[in-house]
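# Chain and residue survey
The lines below spell out each chain.
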Amino acid sequence: MTGSERTGEAAGPAKPVRTPRAGRDLPAAIITGAALLIPAVLGIMFFPLLLIMLGVVLLSMGVWEVARALETQGLRLPKLPLFLGAAAMPLSAYFGGVEALTLALMVTCTAIAVTAAVLRVQDPGRSIMSSMFVACWVPFLVSFAVLLLSQPDGQWRLAVVVLLVVSNDTFGYMVGVLFGKHPMAPKISPKKSWEGFAGSMVGSVLVGVLTSWLIFGEPIHVGALLAAAVVVSATAGDFSESMVKRELGLKDMSQMLPGHGGVMDRLDSLVFAMPTAYFVIVALTRDSGGVPLG
């Protein structure tokens, strides 16, 4: 036994503990991803109401974590109307279309104002505006995914949009890691580079062209335009959530999804992508048999 072993001293410099490069618990992330992906795929392709129920659960979780994050700034948000809105908006979109979704948002905002008045919350102006921001940012915008189901070939349309969002993240990450040198917005999200954005655009447009041709038999420019719009809007969604977290001093919105952080850390790309995709699809398919809702 050496002298250092007898005295308990280190014989050499301690080896640093290795952590995953992504900073996440990979097994937990895979299990959580599979638990969300399987019902989502089944819901999109076979059981729309299963997708709606999964959406209600995720949106309720997202509403809770964003409201809780905002309350760290000394606000008190009336959460009951937010939870009711998280359930009402996707259900309204499914059963009543875009008009019902808009009505659900208006009722939710009215309920927020009334609840704040009844509870006599402190700083009611900021509380009401912050609550309305949560209602618009989380359940309203994401519920446009449900509206896509009501379009011709709606299940495939929604699946393709989700695939484009995944392609945006995947190609952007790969190209950014290999070639990224010029940050797009270093003060907001230092890891996002223009090279990664270019990779997202090229890869997603390729996926969009292939799906447009192989699945829908449409002109390839339809898929290319949809993919480009999704990449821009998904990137804007990423930056928006990063700005909110930076303002609140948070790394993740929460730890509700093991290995992934918060719900909004996973939905951030979808928030702007879904309404953008809905309106682009309505516009591009109007002359090819698509019937806009409403």
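Keep in mind the model is a prediction, meaning the values are calculated, not measured.

## So, helix H9 (residues 220-248)
An α-helical turn contains 3.6 residues, so any two residues separated by three or four positions project in the same direction. For H9, which comprises 29 residues, the first-to-last C-alpha distance of 42 Å matches the rise-based estimate of 42 Å (1.5 Å per residue) to within 8%. A positive phi of about 70 degrees marks Gly249, the residue just after H9.

## Side note on a nonpolar patch on the surface
Side chains of Trp156, Leu206, Leu210, Trp213, Leu214, Ile215 and Ile220 sit close together on the surface and give an oily, nonpolar patch of about 760 Å² of accessible area. The leading source of residues in the nonpolar patch is helix H8 (residues 194-214), at four residues. You can see Trp213 is positioned in helix H8. According to the relative accessible area criterion, Trp213 is exposed, its value standing at 55%.

## Focus on the side chain of Asn168
Looking at where Asn168 falls in the secondary structure, it is placed in helix H7 (residues 154-179). The contacts of Asn168, once residues within four sequence positions are left out, are Ser200, Ser204, Val231, Ala234, Thr235 and Asp238.

## Observations regarding the packing of H7 against H9
When two helices pack together, their arrangement is given by the angle between the helix axes and by the axis-to-axis distance. Viewed as axis vectors pointing N to C, H7 and H9 meet at an angle of 65 degrees, and their least axial separation amounts to 9 Å. Crossing of H7 against H9: the hand is right-handed. Facing Leu164, Val165, Asn168 and Asp169 of H7, the residues of H9 in contact are Leu226, Ala227, Val230, Val231, Ala234, Thr235 and Asp238. Its residues placed into classes, the contact of H7 with H9 shows seven nonpolar, two polar and two charged.

## A few points about unusual backbone geometry
Unusually for a residue other than glycine, Arg120 sits at a positive phi of about 55 degrees. Since its relative accessible area comes to 74%, Arg120 is described here as exposed. Located in the positive-phi region is Asp123, a residue other than glycine, with phi close to 50 degrees. Within the fold, Asp123 resides in the loop between helix H4 (79-119) and helix H5 (124-142). For Asp123, a relative accessible area of 35% translates into the label partly exposed.

## What to know about the packing of aromatic side chains
Here the structure, examined in full by the defined rule, presents eight aromatic pairs. Look at Tyr278 and Phe279: their rings are 5.1 Å apart centre to centre, the planes differ by 70 degrees, and that puts the pair in the edge-to-face class. Aromatic rings pair up to connect Phe140, Phe144, Tyr278 and Phe279 into one cluster. If you follow Arg157 out to its NZ or CZ, it ends over the ring of Phe216, 3.9 Å from the centre.

Conventions adopted
- Residues numbered from 1 in each chain as written.
- Predicted model: local features only at pLDDT ≥ 70, side-chain atom pairs only at ≥ 80, totals over all residues.
- Heavy atoms only, no water.
- Helix = DSSP H or I, 4+ residues; strand = E, 2+ residues; numbered from the N terminus.
- Expected span 1.5 Å × (residues − 1).
- Patch = residues over 30% accessible without salt bridge, like charges linked within 9 Å, V, L, I, M, F, W, Y side chains within 5 Å.
- Areas by Shrake-Rupley, 256 points an atom, 1.4 Å probe, with all protein chains shown as cover.
- Salt bridge = Lys/Arg side-chain N within 4 Å of Asp/Glu carboxyl O.
- Buried < 20%, exposed > 50% of the residue type's maximum accessible area, 1.4 Å probe, protein only.
- Contact = heavy atoms within 4.5 Å.
- Axes fitted to C-alpha atoms, helices over the stretch in contact; angles between N-to-C directions.
- Left-handed = near helix turned anticlockwise from the far one by under 90°.
- Nonpolar A, V, L, I, M, F, W, Y, C, P; charged D, E, K, R; others polar.
- Phe/Tyr/Trp six-rings, centres within 6.5 Å; stacked < 30°, edge-to-face > 60°.
- Lys NZ or Arg CZ within 6 Å of the ring centre and 35° of its normal.

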